[in-house]
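Next come the chains, spelled out residue by residue.
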Amino acid sequence: MHLHEHVATPHWLRRAVTLLSAALLCLVPLVGTASAHGSVVDPASRNYGCWERWGDDFQNPAMAEEDPMCWQAWQDNPNAMWNWNGLYRNGVGGDFQGAVPDGTLCSGGHAEGGRYDSMDAVGPWKTTDVTDDFTIRLYDQASHGADFFQVYVTRQGFDPTTEALGWDDLELVERTGRYAPSNNYEIDVSTSGRSGRHIVYTIWQASHMDQSYYICSDVNFG
């Protein structure tokens, strides 16, 4: 056989290469988290909670009944969960309310081209039980540090299962000072007079540049 003659690729080999390529493509969203940033992991942010509960089983149809808010989120854009640590905006200059309109707080005002819009959906998101005094734990994968954190909790009487979240629905309960770069931060929060479902809204102003994160965590005050 001359070297320039064409050698046919067996069908089984072409099929194997195709399947392998498809499998590798499925791993791409996982790779995306490696260069991302951070989020609140306790009480879990909406997209981190969906990733934590369903990341290994995100195509399970049982999610539709067991966890309907995560189901709608996975159907809308799976990358909102694979990139649970990338919900931020650059260059806001501290004008958080100007950058993030009412009804879009949990998506950071349609951050990242609308990737996180499903986080704004109104309904019965899974909650984390908390007491009046609780601690927020934030994971900072890239060790950005923080100029400050601002923590809000929805006022008593707000119903996150039927109402879209707006700035007037929030009460500021904590504003911290600076945090040195690390992977893990803790923010102690004290509240009173709350019971039932609420949203904890955390704004993280990173230190490495003008980059602000907008994080909704659903809680139940026992």
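Residues numbered from 1 in each chain as written. Predicted model: local features only at pLDDT ≥ 70, side-chain atom pairs only at ≥ 80, totals over all residues. Heavy atoms only, no water.

Which residues make up the overall build of the protein, and what are the values?
Each helix and strand counted, the protein has 8 helices and 9 strands in total. Residue pairs in contact within the protein that sit at least 24 positions apart in sequence constitute 73% of those at least 6 positions apart. Here the protein displays about 11100 Å² of accessible surface, and carbon together with sulfur accounts for 51% of that area. (Helix = DSSP H or I, 4+ residues; strand = E, 2+ residues; numbered from the N terminus. Contact = heavy atoms within 4.5 Å. Areas by Shrake-Rupley, 256 points an atom, 1.4 Å probe, with all protein chains shown as cover.)

Would you mind going over the side chain of H37 in detail, with residue names and values included?
Within the secondary structure, H37 sits in the loop between α2 (28-32) and β1 (38-42). Here H144 takes part through its side chain, which lies 2.8 Å from a polar atom of the side chain of H37. In contact with H37, other than residues within four places in its own chain, are N85, G86, Y88, Y139, D140, Q141, A142, H144, Q211 and Y213. (Polar contact = N/O pair within 3.5 Å; in protein donor to acceptor, adjacent residues only side chain to side chain.)

Give a detailed account of the nonpolar core, specifying residues and quantitative values.
Of all hydrophobic cores here, the largest spans 31 residues; its most connected members are W74, M119, L165, W167, Y201 and Y214. Elements supplying a minimum of two residues to this core: α3 (46-54), α5 (68-76), α6 (79-82), β5 (146-154), β8 (196-206) and β9 (211-221). The element that contributes the greatest number of residues to this core is α5, accounting for 4 residues. With residues near it in sequence (within four places) discarded, W167 still touches F96, Q97, V100, D102, L105, Y152, Y201 and I203. (Core = buried A, V, L, I, M, F, W, Y, C linked by side-chain atoms within 4.5 Å. Buried < 20%, exposed > 50% of the residue type's maximum accessible area, 1.4 Å probe, protein only.)

Let's hear about the state of the cysteines: which residues, and what values?
Enumeration over the complete set of coordinates arrives at 2 disulfides. Residue pairing for C50: its cysteine sulfur links by disulfide to C70, the two sulfurs lying 2.0 Å apart. Handedness here is read from the sign of the S-S torsion; for C50 and C70, about -90°, the answer is left-handed. With C50 in helix α3 and C70 in helix α5, this pair connects stretches of sequence that are 20 residues apart. Considered together, C50 and C70 belong to a single accessibility category, that of buried residues. (Disulfide = S-S within 2.5 Å.)

Describe in detail the side chain of Q205, supporting the description with residues and values.
Within the fold, Q205 resides in strand β8. Classification of Q205 by relative accessible area gives buried; the value is 6%. At 3.1 Å, the side chain of Q205 forms a polar contact with the side chain of D210.

Break down the pattern of salt bridges for me, with residues and values.
Tallied over the full model, the rule gives 7 salt bridges. The partner of R137 in a salt bridge is D42, and the shortest N-O contact between them spans 3.3 Å. Note that R137 is positioned in strand β4 (residues 133-140) and D42 in strand β1, a separation of 95 residues in sequence. Judged by its relative accessible area of 35%, R137 is partly exposed. For D42, a relative accessible area of 30% translates into the label partly exposed. For the salt bridge of R46 with D218, the shortest nitrogen-to-oxygen distance reads 2.7 Å. (Salt bridge = Lys/Arg side-chain N within 4 Å of Asp/Glu carboxyl O.)

Describe in detail the environment of M69, supporting the description with residues and values.
Along the polypeptide, M69 turns up in helix α5. M69 sits in the buried class, given a relative accessible area of 7%. Considered as a pair, M69 and P124 are 55 residues apart in the sequence and their alpha carbons are 6.7 Å apart. The residues contacting M69, other than those within four sequence positions of it, are A121, V122, G123, P124 and W125.

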